[in-house]
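Listed below, chain by chain, are the residues.
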Amino acid sequence: MTMHIRWLVAALLLVGAAAAGAQEFPLAPLVARLPGGTRALAMANADAGGRESDVIFYNPAQIAVARGTGGSAEFYTGANLLVTFSTVLGIGPGALGVGVQSLTFSNADIAYASPNALGTSGAFPSSGLVFAVGYAQPLFGFRAGVNAKLLEQSIGSSRDSRGSLDVGLSRDLLDGTLGLSVQNFGPAFRTFLGAMSQPTRTNLGFTTNRYEVGPFDVSAAATTSLLRGRDFVAAGGGEIAYSWLDGYSVAVRGGVRRATEGEGPWTLGFGFNADRVSLDYAFESRYHTHGAHRIGVRIR
Amino acid sequence: MRMARRWTVAAAAVAGLGGCTQSLKLSPDDSKTVLSQQLITAPDPGEPGPYRVKYLTYGSGTDRRRAAYRDSVAFRTAAVDASPFVTMPRDDAKRRKDLWGFDIKHSPLNGRVWYPDGPGPFPLVVIAHGNHDPTDYSDPGYRYLGELLASRGFILVSIDENYINGSLRGENDGRAWIMLEHLKAWKAFTDSARNPFYRKVDWNEIAIMGHSRGGGAVVHAVQFNRLSRYPDDANVRFDFHFNIRSVVAIAPVDGQYKPAGEFDPIENVNFLVMHGSHDGDVSEFMGLRPYERLRFTDGKPYFKSAWYVYRANHGQWNSIWNNHDNGPRSANRLDLRALLSPDEQRQFARVVIGGFLEATLHHRTEYLPMFRDQRTIGHWLPKTMYITRFQESSFRLLAGYDEDVDVTTGSVPGVTLEGDSLATWDEAPIPLRFKNDEQNTNAVWLGWNDRIAGADTAARGRPASYAISLSDSLVRALRVGDTSSVVLSLAPTRQIPPPRRAPHDSAAKGRRAPKPPAVHDDSVPMDLTVELVDADGHRARLPLSLFGPVRRPLETHVLRRADRERQAFREPYELVLQTYPMPLAAFRKVAPSFEPARLRAIRLVFDRTPSGTVVMDDVGLANPDPAFLISGR
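Residues numbered from 1 in each chain as written. Chains lettered and ligands numbered in written order. Predicted model: local features only at pLDDT ≥ 70, side-chain atom pairs only at ≥ 80, totals over all residues.

## Brief notes about the overall build of chain B
And step 1. Per the secondary structure count, chain B includes 13 helices and 25 strands.
And step 2. Expected size for 633 residues packed as a compact globule is a radius of gyration near 26 Å; at 27 Å, chain B falls within 12% of this value.
And step 3. Here the contacts in chain B between residues at least 6 apart in sequence split such that 78% fall between residues at least 24 apart. (Helix = DSSP H or I, 4+ residues; strand = E, 2+ residues; numbered from the N terminus. Rg over C-alpha atoms; globule rule 2.2 N^0.38 Å. Contact = placed C-beta atoms within 7 Å.)

## Regarding the overall build of chain A
And step 1. Counting secondary structure elements, chain A contains 2 helices and 17 strands.
And step 2. Whereas a compact globule of 300 residues would reach a radius of gyration of roughly 19 Å, chain A reaches 18 Å, a difference of no more than 12%.
And step 3. Over its C-alpha atoms, taken along the principal directions, chain A stretches across nearly 55 × 45 × 30 Å.
And step 4. A burial count over chain A gives 45% of its 300 residues as buried.
And step 5. Look at the contacts in chain A between residues 6 or more apart in sequence, and 56% of them connect residues 24 or more apart. (Buried ≥ 20, exposed ≤ 12 C-beta atoms within 10 Å, placed from the backbone.)

## Observations regarding the nonpolar core
Buried together is how nonpolar side chains tend to be arranged in soluble globular proteins.
And step 1. One finds Val125, Ile155, Leu156, Met179 and Val247 of chain B to be the most contacted residues of the largest nonpolar core, which totals 161 residues.
And step 2. When residues no more than four places from it in sequence are discounted, the contact partners of isoleucine 155 of chain B are Val113, Tyr115, Phe122, Leu124, Val125, Ala150, Lys200 and Val201 of chain B.
And step 3. The next biggest cluster of nonpolar side chains, apart from the first, holds 51 residues, and it includes Ala40, Val55, Phe142 and Ala292 of chain A. (Core = buried A, V, L, I, M, F, W, Y, C linked by C-beta atoms within 7 Å.)

## Here we look at the confidence of the model for chain A
And step 1. Scored by pLDDT, chain A comes out at a mean of 89, with 92% of its residues at no less than 70.
And step 2. This model gives residues 12-24 of chain A a pLDDT under 50, and the stretch forms 18 contacts once residues within four places in sequence are excluded. (pLDDT = per-residue confidence, 0-100.)

## Topic: the packing of helix H4 (residues 143-151) of chain B against helix H9 (residues 342-360) of chain B
Residues and elements named next belong to chain B.
And step 1. Taken N-terminus to C-terminus, the directions of H4 and H9 make an angle of 40°; their axes are 10 Å apart at the nearest point. On the basis of the axis angle, H4 is oblique to H9. Every pair of crossing elements has a handedness; the one defined by H4 and H9 is right-handed. On H9, the residues that touch Tyr144, Leu145, Leu148 and Leu149 of H4 are Arg346, Ala349, Arg350, Ile353, Gly354 and Leu357.
And step 2. Here the residues of the contact of H4 with H9 sort into 7 nonpolar, 1 polar and 2 charged. (Axes fitted to C-alpha atoms, helices over the stretch in contact; angles between N-to-C directions. Parallel < 35°, antiparallel > 145°, perpendicular 65-115°, else oblique. Left-handed = near helix turned anticlockwise from the far one by under 90°. Nonpolar A, V, L, I, M, F, W, Y, C, P; charged D, E, K, R; others polar.)

## Here we look at the pairing of strand S5 (residues 142-155) of chain A
Residue and element names in this part refer to chain A.
And step 1. Relative to S5, strand S4 (residues 124-139) runs antiparallel, the two being bridged by 14 bridges. In the strand pairing of S5, glycine 128 is matched with glutamine 153.
And step 2. In sequence, S4 turns back onto S5 through a hairpin of 2 residues, with phenylalanine 140 there showing a positive phi of about 50°.
And step 3. In this structure, S5 lies alongside strand S6 (residues 158-172), joined through 13 bridges in antiparallel fashion. Directly across from glutamine 153, in S6, lies its bridge partner aspartate 160.
And step 4. Where S5 folds back onto S6 in an antiparallel hairpin, the turn is made up of 2 residues, including glycine 156, whose phi is positive at roughly 60°. (Pairing = 2+ DSSP bridges.)

## Points about the sheet that holds strand S4 (residues 122-128) of chain B
Residues and elements named next belong to chain B.
And step 1. The sheet built from 10 strands is open, its strands ordered S2-S1-S3-S5-S4-S6-S9-S10-S11-S12 with mixed pairing. Edge strands, defined here as strands with exactly one partner in the open sheet, are strand S2 (73-76) and strand S12 (386-392). For this sheet the average axis-to-axis angle between neighbouring strands, irrespective of direction, equals 20°.
And step 2. Bridge analysis of strand S11 (residues 303-309) against S12 gives 7 bridges, and the strand direction is antiparallel. Bridge pairing links tyrosine 308 to isoleucine 387 in S12.
And step 3. Helix H5 (residues 172-191) contacts strand S3 (111-116), S4, strand S5 (155-159) and strand S6 (201-211) of the sheet and is inclined by roughly 150° relative to S4.
And step 4. Sitting on the sheet, helix H6 (residues 213-226) is in contact with S4, S6 and strand S9 (244-250), with an inclination near 140° to S6.

## Remarks on the sheet that holds strand S21 (residues 529-534) of chain B
Think of a sheet as strands paired side by side through backbone hydrogen bonds, with each pair either parallel or antiparallel.
Residue and element names in this part refer to chain B.
And step 1. One open sheet holds the 5 strands; their spatial order is S14-S17-S24-S21-S22, and the pairing between them is antiparallel. The open sheet is flanked by strand S14 (415-420) and strand S22 (539-543), the only strands paired with a single partner. On average, each strand axis in the sheet is inclined to that of its neighbour by 15°, with strand direction left out of account.
And step 2. With 6 bridges joining them, S14 and strand S17 (residues 464-470) adopt antiparallel strand pairing. Paired with aspartate 420 across the two strands is serine 465, which belongs to S17.

## Focus: the packing of H5 of chain B against H6 of chain B
To characterise two packed helices, one gives the angle between the axes of the helices and the distance between these axes.
Residue and element names in this part refer to chain B.
And step 1. Interaxial distance between H5 and H6 falls to 7 Å at its minimum, and their mutual angle equals 65°. Along this stretch, H5 crosses H6, giving a crossing that reads as right-handed. For the pair H5 and H6, contact is made by Asn172, Asp173, Arg175, Ala176, Trp177, Met179 and Leu180 and by Arg213, Gly214, Gly216, Ala217, His220, Ala221, Phe224 and Asn225, respectively.
And step 2. Here the contact of H5 with H6 is built from residues that sort into 7 nonpolar, 5 polar and 3 charged.

## Concerning the environment of glycine 264 of chain A
Residue and element names in this part refer to chain A.
And step 1. If you trace the backbone, glycine 264 turns up in strand S15 (residues 263-274).
And step 2. You can call glycine 264 partly exposed: it has 19 C-beta atoms within 10 Å.
And step 3. Sequence separation between glycine 264 and alanine 292 is 28 residues; the distance between their C-alpha atoms is 10.0 Å.
And step 4. Not counting the four nearest positions on each side in its chain, glycine 264 is found in contact with Ala259, Glu284, Ser285, Arg286, Tyr287 and Gly291.

## Concerning H6 of chain B
All names here are of chain B.
And step 1. In this model H6 runs 20 Å from its N-terminal to its C-terminal C-alpha over 14 residues, within 8% of the 20 Å that 1.5 Å per residue would give.
And step 2. With respect to burial, H6 is a largely interior element, 12 of its 14 residues being buried.
And step 3. Within the sequence span of H6, burial applies to Arg213, Gly214, Gly215, Gly216, Ala217, Val218, Val219, His220, Ala221, Val222, Phe224 and Asn225.
And step 4. Turning to H6, the residues buried within the fold contact S4, H5, S6, S9 and helix H7 (288-293). (Expected span 1.5 Å × (residues − 1).)

## Things to note about unusual backbone geometry
And step 1. The omega torsion of the bond from alanine 28 of chain A to proline 29 of chain A falls at 0°, within 30 degrees of zero and hence cis.
And step 2. Positionally, proline 29 of chain A belongs in the loop between helix H1 (3-21) and helix H2 (38-42).
And step 3. Residues glycine 120 of chain B and proline 121 of chain B are joined by a peptide bond in cis, for which omega reads 0°.
And step 4. You can see proline 121 of chain B is positioned in the loop between S3 and S4.
And step 5. Look at serine 212 of chain B: it is not a glycine, yet its phi comes out positive at around 60°.
And step 6. Even without being glycine, arginine 311 of chain B reaches a positive phi, approximately 80°.
And step 7. Secondary-structure assignment places arginine 311 of chain B in the loop between S11 and helix H8 (330-333).

## Quick look at H4 of chain B
Residue and element names in this part refer to chain B.
And step 1. Taken residue by residue, H4 has Leu145, Gly146, Leu148, Leu149 and Ala150 as its buried positions.
And step 2. Packing partners of the buried residues in H4 comprise strand S1 (53-59), S3, S4, S5 and H9.
And step 3. Downstream of H4 by a residue or two, glycine 153 has a phi angle that is positive, lying close to 90°.

## Some thoughts on the interface of chain B and chain A
And step 1. The interface is formed by 11 residues belonging to chain B together with 9 residues belonging to chain A.
And step 2. Only helix H1 (2-18) and H8 of chain B provide two or more residues apiece to the side of chain B that touches chain A.
And step 3. It is H1 of chain B that provides the largest number of residues to the side of chain B that touches chain A, a total of 3 residues.
And step 4. Here the residues of the side of chain B that touches chain A sort into 3 nonpolar, 3 polar and 5 charged.

## Here we look at the environment of phenylalanine 232 of chain A
All names here are of chain A.
And step 1. Within the secondary structure layout, phenylalanine 232 lies in strand S13 (residues 232-245).
And step 2. Sequence separation of phenylalanine 232 and threonine 202 is 30 residues, and the distance between their C-alpha atoms is 9.5 Å.
And step 3. Sequence-distant contacts of phenylalanine 232, that is, excluding residues within four places in its chain, are made with Thr224 and Leu226.

## Quick notes on the environment of asparagine 449 of chain B
Residue and element names in this part refer to chain B.
And step 1. Within the secondary structure, asparagine 449 sits in strand S16 (residues 438-449).
And step 2. Taking the C-alpha atoms as reference points, asparagine 449 and glycine 49, separated by 400 residues in sequence, lie 53 Å from one another.
And step 3. With residues near it in sequence (within four places) discarded, asparagine 449 still touches Ala423, Ile496, Pro497, Pro498, Pro499, Arg500 and Ser611.

## A short note on the pairing of S13 of chain A
Residue and element names in this part refer to chain A.
And step 1. The sheet contact formed by strand S12 (residues 216-227) and S13 spans 11 bridges and is antiparallel. Bridging from a neighbouring strand, leucine 226 pairs with phenylalanine 232 of S13.
And step 2. Between S12 and the antiparallel strand that follows it, S13, lie 4 residues; glycine 229 among them carries a positive phi value of about 80°.
And step 3. Hairpin connection, S13 to strand S14 (residues 248-257): the antiparallel pair is bridged by 2 residues, and glycine 247 has positive phi, about 95°.

This is the structure:
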C-alpha cells in the first residue's frame, strides 16, 4: 500500500470514528439511511464491494467497475414508498455514476423522521430525495471514488436540502473485493427541533467473487458499519445461483444483520437473470411490522 | 388461489424465457450409403497390433502436484528455460509459481510414454495437449492413442504442458519449443546406454501431434525445427533439425502465434488434420489454413489429408476433456445432444491417425488409399459423415484462384477459364464459420439455374458449364497420361440463383430485379457431370458423385441458443470442400476414344441438378503413386 493510500484510509476511518463518537441524536434525511439496491438488500444490505450500478449508494469507488442501469421500488407499510434509480457509464479510465433515491411517506412527527416511521402512517405527508453524481477510477492499485450529492427532506410544510459527499476506496483482494466508504458527509439539516446531522456512515465490507460449487454459483458479502451516534452494526448475506442455460439463471439470497432502528434481523430474496436483464425481489424484516417488499430490475 | 396463479404465471414466464433453445437439427445421415464398402484389406489400423505395451513416465522427479512426475519417474530430465517464448504478467507468474512450485525459467520436461515391448528401433511420436484447466491435467488424455500406437510399434510420448495452460495468450511458440526440447531430450535418452530407450528410436521416422493449441504448435514446431534462430528474438538460437516426417493436428488453432507477424509457412511433411463439426471451443476448421499453406517443394513423396468429422466435438479427442468444450458448465451453453459418443470419436482418431502413421512412418502403403477416398474404409469408420481434403506431392495446380483478379486465367500459363450460362461466376475468399474469419484462400463460386423465367415452369435452357482449358504444351509438361488424375475440391452451398431470363424478352424491360437467391431444397440430390475433352474433341463424361460424396453443407448448431448461434457464426455450417481425385483411366473406360495424354479441357456441366451453387478450388492434375489407387476405385 502506498503512503498516499495509507493516509487516505486513515483519514476515512478517522472521519467515520469522529462522527460515530458523537452523542446519539436524530439524523436527517431519512432517505439517505435506506437501502440502495434489491439484490444487496436481500443479502442484508451488505454491498461495499458490489459491481452493480446501485453500488453508488454503498461505495462510490466501485462505480469504476460497475456497469449498467437499475431501478427498484420498496414498499413499506401503507403508502410509504422508496424508489431508486442508478446508472453507470464508463468514461476514460474510470466511470461516471448517477443515482436517485426518492422516498414518499407519512410521518407522525412534525420535525424528525426516524426509520420507524416507515412502519406506520402519520399525519404529515413527507418525502426525501438523494441525487448523487459519482466518479471513480483506479488509483495507486486501488479504486477510488467520490459522490457529490444533494439531500432533501420535507415533513409537512418544513423542507430543507443540503449538499453531501461520499468517498470510497476498494481493492480486489483474495478472490473478492474489499471496500471502505464514508457516506453522507455534509452540513446539518435545519428542522423545528434545530440542527440535525446528516447520517454519516462508515462502511467496511468484503464481497466475494462467484465460486462454482457443483452446479451452483455461490457468493457472499459482509459489511460492518458505523452510523453517526450509533453502535457498530454488522451484516452479512449470501447468494446461491443456478444456471440451466447460458445467459439464464435464478438465484436465492439471504442475509442476517444486527438490527438498528426500524429494521428486523433478517432479509431474503431471489432473482431471475436473462442475459442482460435481471429481475430481483427482496424482503426485509422490519421492527414491529410485517416487513417490506422490494422489487428491482437491472440492465447491463 | 391468487398466490397459486401468481406462481403459475411466474413459472410460465421462466419457461418461456428459457424456451429459446433450439431443437436438435442435423443433416440427413448418408453414411450407410457412403460408407457401405470396405476396399482396403489390410488390418484395421485402429485395432491393437502385435506388441505388448509398456508404460513409464519421465520428468523432473520433483513435481509438487503429480506423483507420476515425482516419485514414479523412470528417469529424470533437466528443466529448460521457456521464458523467451512464454511471457506473463508478474502476478500471474507468482500465482503459477505458487501453484506448481517452479517458474517458467525452470520448465520441466515431463512425459508419459507408451512404448512397444521390443528391441526397436521404433518411430517416435510426440503429442502435445492444448489449453485446458491447468489442474485438470491434460497429458493422460491420449492414453487411448498411446496404447494403440505402442501395440503397433510406435513410441508415443504425451508431453506435459499443463503449467502453461490457463489464461495465457500467444504462448503457442512456447508449446512448440517445449515439444522440440522433448525431442532433444529423447536424443539424449537414446544415446545413453543406461536409459531404457537406448537405441530404441528410429530417428528417421519422427512424428509430432498436437491437439487444439497443441495442434497449432506443431506447425510452429515444424518451422522452428528448420530455423537457426527464433523469429521474434534472433538472440535465441535453435539447433533442432530432427527428421520430422509427419505432423498431425487435431482440432488445431491457427495464427494465435504468428512468427514475425506472419502465418507460419509449412513445407515438406506429411500432414493430417481433423476437426469436428460440433467443436464447442475451436468452432471453425482452422486447420484448413495450415493445410492450404503446406507446400511440397523438395520432390520427395508426401501427402496431406484433412478430415471434417460430422458430430465430433473438441474435447472427446482427449479422454480427460470429453464433452466440456466450454468448461465444466458446457451443458448450459453447448448442444451436446448431437455429439458422437466419446468411443466413436476416439475410434475415428485411432483409425485415421493409426493409418496415417502406418502409411508415413512404417511405410505401409496399403493404407494410402484411405486418405484419397474415405469410401475405401467404410467398415472401419464410425458411422457419421466426413468431408475430406487430400493432396499428394505430384499434384500440379491449374486453378487455385489466388494469383490474380482475372477470372479467365488459371494459376499457370496455358490455363484459361470460361463459364457458359452461369448465373454466378466470381472468385472470393472462402469463409470460415466465425464472422470475419477466412480460410485464407480464394475459390470460384459457380451458380446456375436451368429454368427459364416466365409462365412456363417447364422451360429449361442449355445446362450451364464451366471449362478449364489447357494448352498442349502444358499437358505435355505435366506428363498427363493414363495414370494421371484430375483433382478438384468442391462444395455445394445452399444458394440457388433465380431462373434465367428468357432470351430476347422485350417484356423484361422494367421488370423488377430477380429475387435474391433462395435456400436449397435439400431433397433434390446434388450432382454434376465432369466432362473431359481431348485434342480431337473426344469427350468422356462421368458424374462427380462417382468419385466421392457430393453433399450440401452439413447443418451444424453448436450452441443451445439460436440467438447466440446467429451472433457468433455467419452460417449454420462450415464450408468445407471435398476433394475429388478422378483417375483419367476411369474416363477412358467409359469413352475408349478419349486420349488422356491429349487432354485439352476439364468441364463441369451442371446438368444433374436443375439449380445450385458450388464453390471450387485447387483444380489440378496429378500423377500419384499407384499405391493411392489400388483399391479398385
